[in-house]
Amino acid sequence: MDISVVVPLYNEAESLPELAAWIKRVMDANNFTYEVVMVDDGSNDGSWQVVENLHRENPAIRGIKFRRNYGKSAALHCGFQQVHGDVVITMDADLQDSPDEIPELYRMITEDDYDVVSGWKKKRYDPLNKTIPTKLFNATARAFSGIKLHDFNCGLKAYKGIVAKNIEVYGEMHRYMPILAKQAGFKKIGEKVVQHQARKYGVTKFGLNRFVNGFLDLLTVTFITRFAKKPMHLFGTIGTVLFLLGFISAAWLGADKLICIARGLRQPLVTDSPYFYIALTCMLLGTQLFLAGFVADLVSRTSTDRNVYQIEKNL
């Protein structure tokens, strides 16, 4: 199969028939063999009934329905587990991503040999209160990850099939799919300017809080990328440095006190010095961080249910 299209959706009943017809038109015009996996993330507006109708009309359209709303990352993860295409393309269900971009994305994966191609909505039809924070968010993501993309959060992306099967999406990490791909060893990541369309139906599902959450998730994915398999290397190093600083400082205070006593000099109590408490705090923090690293190492080796979701129906 040439292409698998994964469409996560939440309350997008109005746009789904138009999106399905648009995808079919593009696929037929280019003679692609394809499948569309629509993942209903706990919608309550009749979206699943629309997906069922589309499946009856076109068996290439399949569906997954969550019992409740888990989020876009969960939808992508489960969609990736179901696909069979050589190239996997993700797009949002709100018609802001154009299926007309699919042939060029497919070409970049199959001919230019990119592992991942991320869309860049260079010209956006969003208000300033959304575009300005987005630019700041993307600049921060570039600085942290070292991946030179302009639009990390664009829903329109293309992946080699093997990439989709080997990256683990969870929590809210869908914003950082290129970073997760790089972490998994797929380093040829490209970018394509794509058309951004104004929302035709419904309302946006994202508020300004996503930018705060996005920054926190960026810190998480940066930590995971570097230390997921070796948390002790981070916590243990910081803890050891703090403990040694505290220990050396406390030893210096004790040695100074002993030297003064040996010389018959009057010297305040060690506990009267603020440096003693700073040294003691460093030693305590260092010990706690070292133990945190040890516990994190144990947890990272025993966690098995990070991607367990309740799927109610599966076409």
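In this convention, every chain numbers its residues from 1, walking through the sequence in written order. With pLDDT at 70 or above as the cut-off, local features in this predicted model cover only qualifying residues; side-chain atom pairs require 80 or more to be listed or tallied, and sums for whole chains, interfaces and linings still use all residues. To obtain the side-chain values, all non-hydrogen atoms of the structure were included, while hydrogens and water were left out.

A.B. asks: Quick question: what am I supposed to make of the nonpolar core here?
C.D. replies: Taken as a class, soluble globular proteins show a tendency for nonpolar side chains to be buried jointly. Only buried residues count toward a nonpolar core. Its members are Ala, Val, Leu, Ile, Met, Phe, Trp, Tyr and Cys residues joined through side-chain atoms within 4.5 Å. Three labels apply to residues, based on accessible area from a 1.4 Å probe with only protein chains included: buried if under 20% of the type maximum, exposed if over 50%, partly exposed otherwise in between. Counting 37 residues, the largest nonpolar core has Ile3, Val5 and Met38 as its most contacted members. Comment: elements are numbered from the N terminus, with helices defined as DSSP H or I runs of at least four residues and strands as E runs of at least two. Counting residues per element, the ones that place at least two in this core are β1 (3–9), α1 (16–29), β2 (34–40), α2 (47–57), β4 (87–90) and α4 (102–110). Element by element, the count of residues in this core is highest for α1, at 7 residues. In what follows, residue pairs with any heavy atoms lying within 4.5 Å of each other are defined as contacts. If we skip the residues at most four places from it in the chain, Ile3 touches Met27, Phe32, Thr33, Tyr34, Glu35, Gly85, Val87, Ile89, Ile102 and Tyr106. Counting residues in hydrophobic clusters, the runner-up holds 32 residues, among them Val37, Leu76, Phe137 and Ile167.

A.B. asks: Mind showing me how you'd approach empty space enclosed by the protein here?
C.D. replies: To find the voids left in a structure, one rolls a probe of water-molecule size over its atoms. Computed over the protein atoms alone on a 1 Å grid, cavities are sets of points where a 1.4 Å probe fits but cannot get out and pockets are open sets with protein on both sides within 12 Å along at least five of seven lines; a residue lines them when it has an atom within 4 Å of a point. Grid points are joined across faces, edges and corners, and a volume is the space filled by probe spheres set on the points. Enumeration according to the criterion identifies 1 cavity of 30 Å³ or more in this entry. Approximately 80 Å³ is the volume found for the largest cavity. Together, 14 residues line the largest cavity, and Lys72, Leu76, Thr90, Cys154 and Gly155 are the ones closest to its centre. The class makeup of the residues in the lining of the largest cavity is 7 nonpolar, 4 polar and 3 charged. By the convention adopted, Pro, Cys, Tyr, Trp, Phe, Met, Ile, Leu, Val and Ala count as nonpolar, Lys, Arg, Asp and Glu as charged, and the other residues, Gly among them, as polar.

A.B. asks: I tried to follow the environment of Ser145 on my own but got confused; where do I start?
C.D. replies: Along the polypeptide, Ser145 turns up in helix α5 (residues 128–145). Accessibility expressed as a relative area gives 14% for Ser145, which makes it buried. With 31 residues separating them in the primary sequence, Ser145 and Tyr176 have C-alpha atoms 9.4 Å apart. Every residue in contact with Ser145, bar those within four places of it in the chain, is listed here: Phe152, Ile179 and Lys182. Side-chain polar atoms of Ser145 contact the backbone oxygen of Ala141, separated by 2.7 Å. Residues adjacent in sequence count toward polar contacts only when both atoms are side-chain atoms; beyond that, a polar contact is any pair of N or O atoms within 3.5 Å, and within protein one must be able to donate a hydrogen and the other to accept it.

A.B. asks: Looking at this model, I keep getting lost on the packing of aromatic side chains. Mind explaining?
C.D. replies: Here the distance between the centres and the angle between the planes together describe a pair of aromatic rings. Aromatic rings from Phe, Tyr and Trp, with only the six-membered ring used for Trp, were paired whenever their centres fell within 6.5 Å, and each pair was classed as stacked if the ring planes differed by under 30 degrees, edge-to-face if by over 60, and tilted otherwise. Summed over the entire model, instances satisfying the criterion amount to 5 aromatic pairs. Ring plane angle 90° and centroid distance 5.2 Å describe the contact between Phe66 and Tyr70, whose orientation is recorded as edge-to-face. By the burial criterion, Phe66 is buried, and Tyr70 matches it. Consider the rings of Phe243 and Phe247, whose centres lie 6.3 Å apart with planes at 10°: the pair is stacked. On the criterion of helical spacing, the pair formed by Phe243 and Phe247 is a turn pair, its members being 4 residues apart in helix α9 (residues 231–262). Given a relative accessible area of 31%, Phe243 falls into the partly exposed group. The exposure class of Phe247 is partly exposed, given its relative accessible area of 46%. A ring has a charge above it when a Lys NZ or an Arg CZ is no more than 6 Å from the ring centre and no more than 35 degrees off the ring normal. The ring of Tyr114 has Lys188 lying over it, and the distance from NZ or CZ to the ring centre is 5.3 Å.

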